[in-house]
Amino acid sequence: MDVIQTRDELQRWIGERRDRKRVLVPTMGALHRGHTSLFDRAAEIAGANGDVLATIFVNPTQFGPNEDFDAYPRQLKDDLAQCEAHGVTAIFAPEPDEMYEANASISINESRLSTHLCGASRPGHFDGVCLVVAKLFILTQANVAVFGEKDFQQLAIIRRLVRDLNFPIEIVGGETVREPDGLAMSSRNAYLSPEDRRAAPVIQQALREASLGITDGKIATPQEALAAMRNTIEETRGATIDYLAVVDAASLEPLDKFGMAQARLLAAVFFGKTRLIDNIGVPGSVS
Ligand code: PAF
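Just so we're clear, the structure is a prediction, and the values are computed from it rather than from any experiment.

Procedures and definitions
Residues numbered from 1 in each chain as written. Predicted model: local features only at pLDDT ≥ 70, side-chain atom pairs only at ≥ 80, totals over all residues. Heavy atoms only, no water. Near = heavy atom within 4 Å. Polar contact = N/O pair within 3.5 Å; in protein donor to acceptor, adjacent residues only side chain to side chain. Areas by Shrake-Rupley, 256 points an atom, 1.4 Å probe, with all protein chains shown as cover. Helix = DSSP H or I, 4+ residues; strand = E, 2+ residues; numbered from the N terminus. Nonpolar A, V, L, I, M, F, W, Y, C, P; charged D, E, K, R; others polar. 1 Å grid on protein atoms, 1.4 Å probe; cavity = no way out; pocket = protein on both sides within 12 Å on 5 of 7 lines; lining within 4 Å. Points joined across faces, edges and corners; volume = space filled by probe spheres on them. Expected span 1.5 Å × (residues − 1). Buried < 20%, exposed > 50% of the residue type's maximum accessible area, 1.4 Å probe, protein only. Salt bridge = Lys/Arg side-chain N within 4 Å of Asp/Glu carboxyl O. Core = buried A, V, L, I, M, F, W, Y, C linked by side-chain atoms within 4.5 Å. Contact = heavy atoms within 4.5 Å. Lys, Arg positive; Asp, Glu negative; His and termini not counted. Pairing = 2+ DSSP bridges.

Colleague: How should I be thinking about the site of the ligand in this particular structure?
Modeller: Taken together, Pro26, Thr27, Met28, Asn59, Gln62, Val129, Val132, Phe147 and Gln154 make up the full set of residues adjacent to the ligand. In this structure, Gln62 approaches the ligand through a side-chain N or O atom, which is 2.6 Å from an oxygen atom. In the complex, 87% of the free accessible area of the ligand, which totals 290 Å², lies under the protein chains. Counting residues per element, the ones that place at least two in the shell around the ligand are β2 (21–27) and α6 (125–140). Here the residues of the shell around the ligand are counted per class, giving five nonpolar, four polar and no charged.

Colleague: Would you explain empty space enclosed by the protein in this entry?
Modeller: For the structure shown, the criterion picks out one cavity of 30 Å³ or more. Examining the composition of the lining of the largest cavity, we find that three residues originate from one element, strand β9 (residues 274–281), more than from any other. Here the lining of the largest cavity is built from residues that sort into five nonpolar, two polar and two charged.

Colleague: What is the right way to read α6 from this model?
Modeller: Note that an α-helix has 3.6 residues per turn; residues three or four places apart therefore point the same way. An ideal rise of 1.5 Å per residue puts 22 Å on 16 residues; α6 measures up with 22 Å between its terminal C-alpha atoms. For α6, a buried count of 14 out of 16 residues is recorded, marking the element as mostly surrounded by other parts of the structure. At the C-terminal side of α6, Gln141 shows a positive phi close to 50°.

Colleague: What exactly am I supposed to notice about the pattern of salt bridges here?
Modeller: Two side chains bearing opposite charge may form a pair once their charged atoms approach each other closely. For the coordinates displayed, the defined rule picks out 13 salt bridges. In this structure, Arg122 engages Glu67 in a salt bridge whose closest nitrogen and oxygen atoms are separated by 2.8 Å. Residue Arg122 is located in the loop between α5 (118–121) and α6, and its partner Glu67 is located in the loop between β3 (50–56) and α3 (76–85); the two are separated by 55 residues in the primary sequence. Among the salt bridges present, the one from Arg178 reaches Asp278, with a minimum N-O distance of 2.8 Å. On the criterion of sequence distance, the pair formed by Arg178 in the loop between β6 (170–174) and α8 (194–199) and Asp278 in strand β9 is long-range, its members being 100 residues apart. Classification of Arg178 by relative accessible area gives partly exposed; the value is 25%. The exposure class assigned to Asp278 is buried, which follows from its relative accessible area of 4%. A network of salt bridges, in which partner residues are shared, links Arg17, Arg20 and Asp51.

Colleague: What am I meant to see in the nonpolar core here?
Modeller: Of all hydrophobic cores here, the largest spans 46 residues; its most connected members are Phe137 and Ile171. For this core, the elements supplying multiple residues, two or more each, are α1 (7–16), β4 (90–92), α6, β5 (144–148), α7 (152–165), β7 (239–248) and β8 (263–271). By residue number, the principal contributor to this core is α6, which donates ten residues. Once residues within four sequence positions are removed from consideration, Ile171 is found in contact with Phe137, Ala145, Phe147, Leu155, Ile158, Arg159 and Val162. Counting 29 residues, the second largest nonpolar core, distinct from the first, contains Ala210, Ile219, Leu265 and Ala267.

Colleague: Just checking my understanding: could you explain the side chain of Lys150 for this structure?
Modeller: Of note, Lys150 is situated in the loop between β5 and α7. Of the side chains bearing the opposite charge, Asp151 lies closest to the buried Lys150, which forms no salt bridge; the N-O distance is 4.4 Å. Not counting chain neighbours up to four residues away, the residues in contact with Lys150 comprise Thr176, Ala184, Met185, Ser186, Ile277 and Asn279.

Colleague: Would you mind showing me how to read the pairing of β8 here?
Modeller: Working note: regular strand, side chains alternate between the two faces of the sheet. Among the nine residues of β8, eight are classified as buried, and the element is accordingly described as predominantly covered. Of the strand pairs in this sheet, β7 and β8 are connected by nine bridges, and their pairing is antiparallel. Residue pairing for β8: Ile241 is matched across the bridge by Val269. With eight bridges connecting them, β8 and β9 associate as antiparallel partners. Bridge pairing in β9 links Leu266 to Asn279.

Colleague: So what exactly am I meant to see when it comes to the environment of Val58 here?
Modeller: With respect to the helices, strands and loops of the structure, Val58 is situated in the loop between β3 and α3. C-alpha separation for the pair Val58 and Met28, spaced 30 residues apart in sequence, amounts to 4.7 Å. Dropping the residues within four chain positions of it, Val58 is found in contact with Met28, Phe63, Phe69, Tyr72 and Arg74.

Here it is, written out as structure tokens:
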């Protein structure tokens, strides 16, 4: 596995492998099974004649002034071992000044999909994600990029970035990896108290019950789906809802009825200070 730190080295590496399919998996490191499943998916897509290029970069522009960029876990040695074990061909792990000029003055603004859901409590966050992801698409010239479905709003915004700025790249969503009790894998799960850890799978339970209810016809409207999810989560000690939403999976616009769009159910729930997110599709939600 090659470890690349500068843009010049990256361009040389790309030059030597010009005819091979390149599958990109952008990460901020602190890797867990949620990430390694994305590497496995990328390796499948790359096949024998392709490469998996993972990036590890804690991106300063997606952290707000009150979010602790400096405290974000950095564990490059352990991350490299996990990449190696999951078929990654090369890692691009640049320093911030390799990615951003000190007096950079061009930015990207996403003005629709990022205004609500997680974007409501993190102003500017998705603009920073769009900026770094656009730079990574340009620098790596990848054919395909894989992003986790767990961050569903991020995935939808990146699809929009590709559509609106005409990036010649295919975006693939990687399925959420779960603990045996259904809790979506996240580095934040480690911050939960034992009691909250036992309660946290209620998020997935509420989403799954609502999704099944819609498919079975027991839940007829988005309002009923929201009420059902709210009841299940509010019955759980320690759980405080940040948001629940029933949206069009592509535009993230709230739905007021089923049948016209692919529906997605999204939830963000606090346990103590830890905010967990999850989401689920609704098979057969388009008629
Ligand atoms: O999902 C993440 O880890 C980050 O937002 C990403 C896509 C790597 C951009 O920094």
